[in-house]
Amino acid sequence: MFAATRLSVVDAPLVRIHSECFTGETVSSVRCDCGYQLAEAMRLMQEEGRGVIVYLRQEGRGIGLLEKLKAYNLQDQGHDTVDANLLLNHPADARTYGSASAILADLGVAKLRLLTNNADKIRQLRERGGRRLDIVCHVPMLPRWWAGGASPQLSYLRHLGLDQTVMSEADKYLRTKAERMGHMLAVDTASAITIPRTPTRALYSQDV
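Scope of this entry: the structure provided in the associated data block. As the structure is a computational prediction, the values presented were derived from the model and not from experiment.

1. Brief notes about the side chain of T116
Now for step 1: Residue placement: T116 occurs in the loop between strand 3 (111-115) and helix 8 (119-129).
Now for step 2: Taking relative accessible area as the criterion, T116 reaches 1% and is therefore assigned buried.
Now for step 3: A polar side-chain atom of T116 sits 2.9 Å from the main-chain amide nitrogen of N118.
Now for step 4: Once residues lying within four places of it in the same chain are set aside, the contact partners of T116 are R16, K121, I122, H138, V139, P140 and M141.

What follows is the structure, encoded as structure tokens:
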């Protein structure tokens, strides 16, 4: 999709708007893919020689670390991440991206390629950014363990070796994202998540 726009990397840099995740980034929990996404975003930007990471203090989809740990306890009882948040009287996702839009505007980023699978993030940024922010396409965040290949550059997962068996715990989280939160990931209901869903241009139209 990006190639079709004929914009250079300078015109539309990669941007990752990332919500803080102590458990995934610092202690390498495999209950989510947050640490992986941050490391992968940095790797992709390093390859291109530029990019922007906006790091937001929105732990646990906006509910905070303590409440997130309570949600983990509910997940141990069989609930998925959405139901765990709801049972604690929180929204499934309480995050907002108005501050991210303002930060990008302050940095002078007018056009970008957004590293995300989250359609709601795209919609919120378009609403908040208005004409100041042109998301020319989204770039899917693809778990490398789906392909079964290791990547020594990703220090976050160095000790896991991107093993598919180990990362099956994160796959449960990704399945919930796809099935219940509308993330742009294709799900093989017979087994595991397989490939990213094809991006849709409807996400970038003024009607969204």
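2. Structural notes on the nonpolar core
Now for step 1: Core analysis: the biggest nonpolar cluster contains 17 residues, and V15, I17, L104, L112, L114 and L125 have the highest contact counts within it.
Now for step 2: Of all elements in the fold, only strand 1 (14-19), strand 2 (52-56), helix 7 (98-107), strand 3 and helix 8 reach the threshold of two or more residues within this core.
Now for step 3: Those residues in contact with V15 that lie beyond four places of it in its chain are M45, V52, L104, V109, L112, R113, L114 and L115.
Now for step 4: V30, W146, M167 and A170 belong to the second largest nonpolar core, which has nine residues in total.

3. Thoughts on helix 5 (residues 65-76)
Now for step 1: For helix 5, with 12 residues, the first-to-last C-alpha span of 17 Å sits near the 16 Å given by 1.5 Å per residue.
Now for step 2: When we look at burial in helix 5, the residues that qualify are E67, K68, A71, Y72, L74 and Q75. Down the axis of helix 5, the smallest arc covering the buried residues is 160°, so these residues share one side. The exposed set on the far side of helix 5, more than 90 degrees from its buried face, consists of L66 and D76.
Now for step 3: In this structure, the buried residues of helix 5 make contact with helix 2 (22-25), helix 4 (59-62) and helix 6 (81-87).
Now for step 4: Just past helix 5, the residue G78 takes up positive phi, approximately 110°.

The rules behind the values
Residues numbered from 1 in each chain as written. Predicted model: local features only at pLDDT ≥ 70, side-chain atom pairs only at ≥ 80, totals over all residues. Heavy atoms only, no water. Helix = DSSP H or I, 4+ residues; strand = E, 2+ residues; numbered from the N terminus. Buried < 20%, exposed > 50% of the residue type's maximum accessible area, 1.4 Å probe, protein only. Polar contact = N/O pair within 3.5 Å; in protein donor to acceptor, adjacent residues only side chain to side chain. Contact = heavy atoms within 4.5 Å. Core = buried A, V, L, I, M, F, W, Y, C linked by side-chain atoms within 4.5 Å. Expected span 1.5 Å × (residues − 1). Arc of directions from axis to C-beta.

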